[in-house]
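Examination of the molecular architecture
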Amino acid sequence: SLAQEKNLPYHQYMDVETIERLAENNPFSNIEQINKPTLLGICDIMLTHIAKVPIPDKSWFLKDEEYETIHWIRHLYRVGLYGLVLWVLNKLSDKDLDCLIRSCVLHDIRRLHDKDDKEHGNRCAIWLRENHHQIILNINEDELIESISYIISMHDLPWGEIPNDVNLENNFKLLSLLKTCDALDRYRLPKLKRWINDEFLEYKPSLEYKMFAHQLVVESEKIYLQESNWVASIKKALLVLRDKYAQ
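Structure report, in brief. Here the structure is a predicted model, which is why all the values come from computation and not from measurement. (Residues numbered from 1 in each chain as written. Predicted model: local features only at pLDDT ≥ 70, side-chain atom pairs only at ≥ 80, totals over all residues. Heavy atoms only, no water.)

**Considerations on the layout of surface pockets**
Roughly 940 Å³ of internal volume is contained in the largest pocket. Taken together, 31 residues form the lining of the largest pocket, with H155, D156, L157, R186 and R194 sitting closest to its centre. Looking at the lining of the largest pocket, the element that brings in the most residues is helix 7 (residues 166–184), giving 3 residues. Of the residues that constitute the lining of the largest pocket, the class distribution is 9 nonpolar, 6 polar and 16 charged. Of the voids in this model, the second largest pocket is the one considered here, and its volume is about 230 Å³. (1 Å grid on protein atoms, 1.4 Å probe; cavity = no way out; pocket = protein on both sides within 12 Å on 5 of 7 lines; lining within 4 Å. Points joined across faces, edges and corners; volume = space filled by probe spheres on them. Helix = DSSP H or I, 4+ residues; strand = E, 2+ residues; numbered from the N terminus. Nonpolar A, V, L, I, M, F, W, Y, C, P; charged D, E, K, R; others polar.)

Put into structure tokens, the structure is as follows:
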């Protein structure tokens, strides 16, 4: 079980005991009044616009066997869903949506492993520049490809290590949003100290959004272990949460 590992393996797969630990360590369990309308609104945005999140192809990943680990397909898809909500909340243009969502679903596809894989963002950006014509994401504008590549290349760097140049100036908002979307899904990580920390974020998500993200991780991972269909598990988890918030 990942929950019992002191030295986590390079390739980390979700298991029942770890999901139970994630659920038991709910950081929002002491909140007495839950804003269900806000949580319901988040869920409805995802369900309404879910078709806008493209599904990464298995061939884009560095290693086939890593498609199911905690940094790969389910993580990327949930991060894309978080991006949908920030698109609506920030009233982004359709072009910005294209850039943000594609950055969300591509940012970890060239990881070597689930530990501290330095340079994985840059590795992914290089791959995208060389292979964008092969992937069916309707990416056909040079400017869009460069923006996505830049955002992906910087997503894993601390803000203090990102050069303060024209690229940052032009892409600051979307890079901030990608970092937040990525951080919202950190509730899946077996080491609780690595969960989302607002101190590292320029765009700080609401308490309700963090609460929703924790519940989506736990519910979707639980369903996935039962049914082994990652797309269905995430969609089914959204429906379960929607029913819960609508009561």
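Now that the structure has been shown, we can carry on.
**Quick look at the packing of aromatic side chains**
Taken as a whole, this structure holds 6 aromatic pairs when the rule is applied. Where Y82 meets Y209, the ring centres are 6.0 Å apart and the plane angle is 85°; that geometry is what we call edge-to-face. Of this pair, Y82 sits in helix 3 (residues 73–89) while Y209 is found in helix 8 (residues 207–227), placing the two residues 127 residues apart along the sequence. Residues Y82 and Y209 agree in their burial class; the two are buried. Arranged with centres 6.2 Å apart and planes meeting at 50°, the rings of F212 and Y245 form a pair that is tilted. Here F212 is found in helix 8, whereas its partner Y245 is found in helix 9 (residues 230–246), with 33 residues between them in sequence. Judged by relative accessible area, which is 4%, Y245 ranks as buried. Grouping aromatic residues by their ring pairs yields a cluster made of F28, Y187 and W195. Over the face of the ring belonging to Y224 we find R74, whose NZ or CZ atom lies 4.0 Å from the ring centre. Directly above the ring of W159 sits K179, whose terminal nitrogen or CZ lies 5.3 Å from the centroid. (Phe/Tyr/Trp six-rings, centres within 6.5 Å; stacked < 30°, edge-to-face > 60°. Buried < 20%, exposed > 50% of the residue type's maximum accessible area, 1.4 Å probe, protein only. Lys NZ or Arg CZ within 6 Å of the ring centre and 35° of its normal.)

**Some details on unusual backbone geometry**
One non-glycine residue, E119, lies in the positive phi region at around 75°. With respect to the helices and strands, E119 occurs in the loop between helix 4 (94–106) and helix 5 (120–131). We note that S228 has phi near 60°; this positive angle belongs to a residue other than glycine. Tracing the chain through its elements places S228 in the loop between helix 8 and helix 9.

**Topic: helix 2 (residues 36–49)**
The terminal C-alpha atoms of helix 2 lie 20 Å apart, and with 14 residues this matches the ideal 20 Å at 1.5 Å per residue to within 8%. By the burial criterion, the buried members of helix 2 are L39, L40, I42, C43, I45 and M46. Lining the buried residues of helix 2 we find helix 3, helix 8 and helix 9. (Expected span 1.5 Å × (residues − 1). Contact = heavy atoms within 4.5 Å.)

**Quick notes on the nonpolar core**
One recurring pattern in soluble globular proteins: nonpolar side chains tend to sit buried together. One finds M46, L81, Y82, Y209 and F212 to be the most contacted residues of the largest nonpolar core, which totals 78 residues. The leading source of residues in this core is helix 3, at 10 residues. Setting aside chain neighbours within four positions, we find M46 in contact with L81, Y82, L84, V85, Y209, F212, L216 and L238. (Core = buried A, V, L, I, M, F, W, Y, C linked by side-chain atoms within 4.5 Å.)

**Some points on the environment of L100**
Checked against the element boundaries, L100 lands in helix 4. Note: C-alpha distance between L100 and L178 (78 residues apart in sequence) is 6.7 Å. L100 has contacts with G83, L92, L174, L177 and L178, leaving out every residue within four places of it along the chain.

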